[in-house]
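Observations on chain architecture
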Amino acid sequence: MKIIVTKSDLRSIATDLLVLPFSSVELKKEAGKTLDAIGIDQQVLKDFKAEAGEVVVLYGGTGGYSAPRFALLGIGEGKTIEEWRKAAISFASKAVDLKIEKVAVDCSCIETLSAVSGQSVATMAATLVEGCFVGSYRFDRLKSGKLDKKGSGEKLKKIAELLVVVDSSVFEEVERGVAGGKIVGSCKKMARDLVNLPGNFLHAVDIAKAAEESGKKYGYEVTVFHKKEIEALGMGGLLAVNKGSDHPPTFTVLDYKPKGKTNVVVALVGKAVTFDSGGISIKPSENMGEMKSDMSGAASVLGAVEAAARLGLPVHVIGLIPATDNMPSGTATQPGDVITTYSGITVEVSNTDAEGRLILADALTYAKEKYNPDVIVDVATLTGACIVALGYPVAALFSNNDTLADKIFRAGEQSGEKVWRMPLWDLYDEQIKSDVADLNNTGGRGAGSITAAKFLEKFIDGHENWAHIDIAGPSFTPKGAGKVNGGTGFGVGLLVELLKKWS
Ligand code: BES
Ligand code: MN
Ligand code: ZN
């Protein structure tokens, strides 16, 4: 998507769709005048209420504008960044539905909105661009188009050009925001593509390759440990999950060091189970295909490290991605087996479907031992119980540090990726005790997300600034639940906002 910031006059702009944002407050004062200017009947204002994300497309203006179509875009009261983001997503999605390639947005309101919402003009511009990436995203890589009706057989059109029309007073700041928004937007897109790729297109080696490509392109170091090296290291958790698979595991380490001095080292650990069948404790068939998204944590980590590198954030970021699929076979780990993790801690695998914590355990221990980072954050589609507790839109946050928890909460508010904190009280330890090993990988019926987090906590070796984010709900929109289903890229924006807090 080409994005151009311009000071041109709205009337003369060559575009397929001119988007006109209105807040519900402005609507009464301004909308009538605007419609008169573009030469469109005011009747539409009987229905258009300017709710955040509301779009009405209008045709046939007689006011001498170059644009053949106009969209009234609601931004609600215009008081929050959330309303602005929702509006951006909404018009971009509409443009794709209408197969429109060139869109212009009247952003003469951006300075006022910035003042009202308390967000900088650059942030408003970045959010507009990110929203445009999000709203125009469609996963069509695996569609051949061969069965489309004759004549309509062209490949899906996506927005090719976005014009951001601004007043000269904010031109530079908007340009700065747009540049940042483009980076975060494209990193979110990369993460979504990885999540949407099915298991037969994305094995552990492919995750490693995606990281290597990104590292080469954006100038950060990527090291991949293959099966032999993982064995030599003794990563018994990752190997146990991989045991039933025909595809070898990988453990990828991404290392972005900023050019200048930095005081903070942040480790981001992402779960990459490229397909989770449950293993011998096999899952029910219904919707099992959604478990291609069980590498969403890793996708967010990869997206965030790439964004940090491209934005040049002054933080040393290390991404750690243990990757494998989880399959049943004659060689698979069996329920009741006892394994030894990289830390030396032994685990009774009561349920082979609680595999995420086994691979994360090794990666967490490795992160702490090798880098002794100031902060460790892991992101994982860890438990179905998380969806029971918080539903699809919200992630669960666990942390042994109140300051870090608060930072993550606020990062999520800013990025629009909501997290809600849950407890890590030691009283839950009882549930993950084993008769035969140091730990059991399942904690019984109650508090499934918490016992999973308590399990992970055992592998950070006393680190005092750790957080775990369970994204089982918001990482993937199941069929029918939303307009655009599939991978969401949840976590990329949140992690970028979090990393900015140490800038
Ligand atoms: N990947 C799943 C969790 C999950 C479920 C993510 C639904 C997204 C949507 C995880 O590996 C898993 O299977 N967890 C088990 C744990 C249980 C066996 C203790 C679960 O949640 O059922
Ligand atoms: Mn599982
Ligand atoms: Zn899983």
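Each chain has its residues counted from 1, running along the sequence as written. Labels are handed out in written order, letters beginning with A for the chains and numbers beginning with 1 for the ligands. Given that this is a predicted model, residues contribute local features only at a pLDDT of at least 70 and side-chain atom pairs are listed and counted only at 80 or more, while totals for whole chains, interfaces and linings are drawn from all residues. To get the side-chain values, take all heavy atoms of the structure and skip hydrogens and water.

The subject of this paragraph is the overall build of the chain. Tallying secondary structure elements over the chain gives 14 helices and 20 strands in all. Radius of gyration means the value over C-alpha atoms here, while the globule rule gives 2.2 Å times the residue count to the 0.38 power. For 503 residues, the compact-globule estimate of 2.2 N^0.38 gives 23 Å, and the chain sits close to it at 24 Å. In terms of principal-axis extent, the alpha carbons of the chain reach across some 80 × 55 × 40 Å. When a residue's accessible area, from a 1.4 Å probe over protein chains only, is under 20% of the maximum for its type it is buried; when over 50% it is exposed; and in between it is partly exposed. Relative to its full complement of 503 residues, the chain shows a buried share of 58%. Computed with the Shrake-Rupley method and a 1.4 Å probe, the accessible areas treat only the protein chains shown as cover for residues. Counting only carbon and sulfur atoms, one obtains 51% of the accessible surface of the chain, whose full area is about 20,900 Å². By the counting rule applied here, Lys and Arg register as positive and Asp and Glu as negative, while His and the ends of each chain are not counted. We put the charge of a Lys on NZ, of an Arg on CZ, of an Asp on CG and of a Glu on CD. In the chain, 57 positive and 62 negative side-chain charges are present, and the distance between their average locations comes to 5 Å. Each helix is a run of DSSP H or I of at least 4 residues and each strand a run of E of at least 2, with the numbering of both proceeding from the N terminus.

With that settled, the discussion passes to the environment of I345. One can find I345 in the loop between β12 (337-340) and β13 (346-349). Separated by 92 residues in the primary sequence, I345 and A437 place their C-alpha atoms 8.3 Å from one another. The contact criterion used is simple: two residues touch if any of their non-hydrogen atoms lie within 4.5 Å. Residues contacting I345, with those up to four places away along its chain left out, are I339, T340, D438, L439, K458 and F459.

In this listing, donors mean N, O and S atoms no farther than 2.8 Å from the metal, or 3.2 Å for Na, K and Ca; water is missing from the atoms, so a site can look incomplete. On the protein side, the manganese ion (ligand 2) has D276 (OD), D353 (O), D353 (OD) and E355 (OE) as donor atoms, found 2.1 to 2.2 Å from it. Labels for metal geometry use angle windows, namely 85 to 135 degrees for all angles of a four-donor tetrahedral site, and for square planar (four donors) or octahedral (six donors) sites opposite donors over 155 degrees apart plus all others within 65 to 115; sites meeting none of these are irregular. Considering all 6 donor atoms around the manganese ion (ligand 2), the spread of angles at the metal, 71 to 168 degrees, places the coordination shape in the irregular class. Sequence spacing of the donor residues for the manganese ion (ligand 2), all on one chain, is D-x76-D-x1-E. In this structure, the manganese ion (ligand 2) lies 3.2 Å from the zinc ion (ligand 3), and both are coordinated by D276. You can see D276 sitting in strand β10 (residues 272-276) and its partner E355 sitting in the loop between β13 and α10 (356-371), a full 79 residues away along the chain. Each member of the pair, D276 together with E355, is buried.

Another point: the sheet that holds β13. With respect to topology, 3 strands assemble into an open sheet ordered β12-β13-β17, the strand pairing being mixed. Edge positions in the open sheet fall to β12 and β17 (439-440), since each of these has one partner strand only. Here 2 bridges tie β13 to β17, and the two strands are oriented parallel to one another. The residue of β17 that forms the bridge with V347 is L439. Strand pairing is assigned whenever DSSP identifies at least 2 bridges connecting the two strands.

Further remarks concern the coordination of the zinc ion (ligand 3). At 2.0 to 2.4 Å from the zinc ion (ligand 3) lie its protein donor atoms, namely K271 (NZ), D276 (OD), D294 (OD) and E355 (OE). The coordination sphere of the zinc ion (ligand 3) comprises 6 donor atoms, whose angles at the metal cover 78 to 175 degrees; the geometry is octahedral.

Let us now look at the pattern of salt bridges. Any Lys or Arg side-chain nitrogen found within 4 Å of a carboxyl oxygen on Asp or Glu counts as a salt bridge. By the definition in use, this model includes 23 salt bridges. With a shortest N-O distance of 3.8 Å, K283 and D276 are connected by a salt bridge. A relative accessible area of 21% means that K283 is categorised as partly exposed. Salt-bridge contacts for R310 lead to E306; the nearest nitrogen and oxygen are separated by 2.9 Å. Of the two residues, R310 and E306 both sit in helix α9 (residues 296-311), 4 residues apart, roughly one turn of that helix.

Any pair of Phe, Tyr and Trp rings, taking the six-membered ring for Trp, is counted once the centres come within 6.5 Å. Such a pair is stacked with planes under 30 degrees apart, edge-to-face with planes over 60 apart, and tilted for the rest. In the structure shown here, the tally under the stated rule is 8 aromatic pairs. Both rings, one in Y366 and one in Y371, keep their centres 6.5 Å apart while their planes meet at 70 degrees; by these two values the pair is edge-to-face. Under the relative-accessibility criterion, Y366 is labelled buried at 4%. Of the residues examined, Y371 reaches a relative accessible area of 23% and is grouped as partly exposed. Their ring planes at 70 degrees and their centres at 6.3 Å tell us that F409 and W420 sit as a pair that is edge-to-face. In this pair, F409 is assigned in helix α12 (residues 402-415) and W420 in strand β16 (residues 419-421), connecting sequence segments 11 residues apart.

Turning our eyes to something else, we now look at the domain arrangement of the chain. All the domain ranges listed were derived from an automatic or database domain assignment. Each assigned domain of the chain is listed here: domain 1 (2-167) and domain 2 (190-500). Buried area: the accessible surface (1.4 Å probe) lost by two parts on joining, summed over both. Carbon and sulfur atoms supply 48% of the area buried between domain 1 and domain 2, which totals about 1,100 Å² over both sides. At the junction of domain 1 and domain 2, the tally comes to 1 salt bridge. Here R141 and D193 are joined by a salt bridge, their closest N and O atoms 3.4 Å apart. Two N or O atoms count as a polar contact when they lie within 3.5 Å, although within protein this holds only if one can serve as hydrogen donor and the other as acceptor, and sequence-adjacent residues are included solely when both atoms are side-chain atoms. On the surface where domain 1 and domain 2 come into contact, there are 7 residue pairs in polar contact (both at pLDDT 80 or more). Only Asp, Glu, Lys and Arg are considered charged in this grouping, and only Ala, Val, Leu, Ile, Met, Phe, Trp, Tyr, Cys and Pro are considered nonpolar; every other residue, Gly among them, is considered polar. Partitioning the side of domain 1 that touches domain 2 into residue classes produces 5 nonpolar, 3 polar and 5 charged.

Glancing now at the pairing of strand β2 (residues 17-22). Counted residue by residue, β2 has 6 buried out of 6 residues, so it is predominantly covered. Both faces of β2 are covered, namely the face carrying L17, V19 and P21 and the face carrying L18, L20 and F22. In the sheet, β2 pairs with strand β5 (residues 102-106) via 3 bridges, with the strands oriented parallel. Looking at the pairing, L17 lines up with V103 of β5. As paired elements, β2 and strand β4 (residues 69-74) share 5 bridges and run parallel to each other. Within β4, the residue paired with L20 across the bridge is L72.

Each pair of packed helices can be summarised by the angle the axes make with each other and by the distance between the axes. Interaxial angles span 0 to 180 degrees and are taken between N-to-C directions of axes, which are lines fitted to C-alpha atoms, for helices over the stretch in contact. One way to put it is that α10 packs onto helix α13 (residues 448-457) with a least axis distance of 9 Å and a crossing angle of 30 degrees. Taken together, α10 and α13 sit at an angle that is classed as roughly parallel. Here α10 runs over α13; the crossing is right-handed. On the side of α10, the interface is formed by R357, L358, L360, A361 and L364, while α13 contributes A452, F455 and L456. If an angle is under 35 degrees, it is roughly parallel; if it is over 145, roughly antiparallel; if it lies from 65 to 115, roughly perpendicular; otherwise it is oblique. Handedness of a crossing is defined here by the sense of rotation of the near helix relative to the far one, left-handed for an anticlockwise turn of less than a right angle and right-handed for a clockwise turn.

The subject of this paragraph is the nonpolar core. Counting residues in each nonpolar core, the largest one holds 60 residues, and the members touching the most others are L268, L302, V377, I408 and I469. Residues belong to one nonpolar core when they are buried, are Ala, Val, Leu, Ile, Met, Phe, Trp, Tyr or Cys, and are joined through side-chain atoms within 4.5 Å. Grouped together as the second largest cluster of nonpolar side chains are 47 residues, A380, L382, I450 and W466 included.

What follows is about α9. Any helix carries an expected span of 1.5 Å times its number of residues minus one. Along its 16 residues, α9 runs 22 Å from first to last C-alpha, staying within 8% of the 22 Å computed at 1.5 Å per residue. Counting buried residues along α9, 14 of its 16 residues qualify, which places the element largely inside the surrounding structure.

What follows covers the site of ligand 1. Within the structure, ligand 1 sits among 16 residues, and K283, D294, D353, E355 and G384 are positioned closest to it. Contact between ligand 1 and D353: an oxygen atom at 2.8 Å from a side-chain N or O atom of the residue. Within the backbone of L382, a nitrogen or oxygen atom sits 3.4 Å from a nitrogen atom of ligand 1. For ligand 1, the accessible surface in isolation is 520 Å², of which the surrounding protein chains cover 76%. Any residue with a non-hydrogen atom lying within 4 Å of a molecule or strand is treated as near it.

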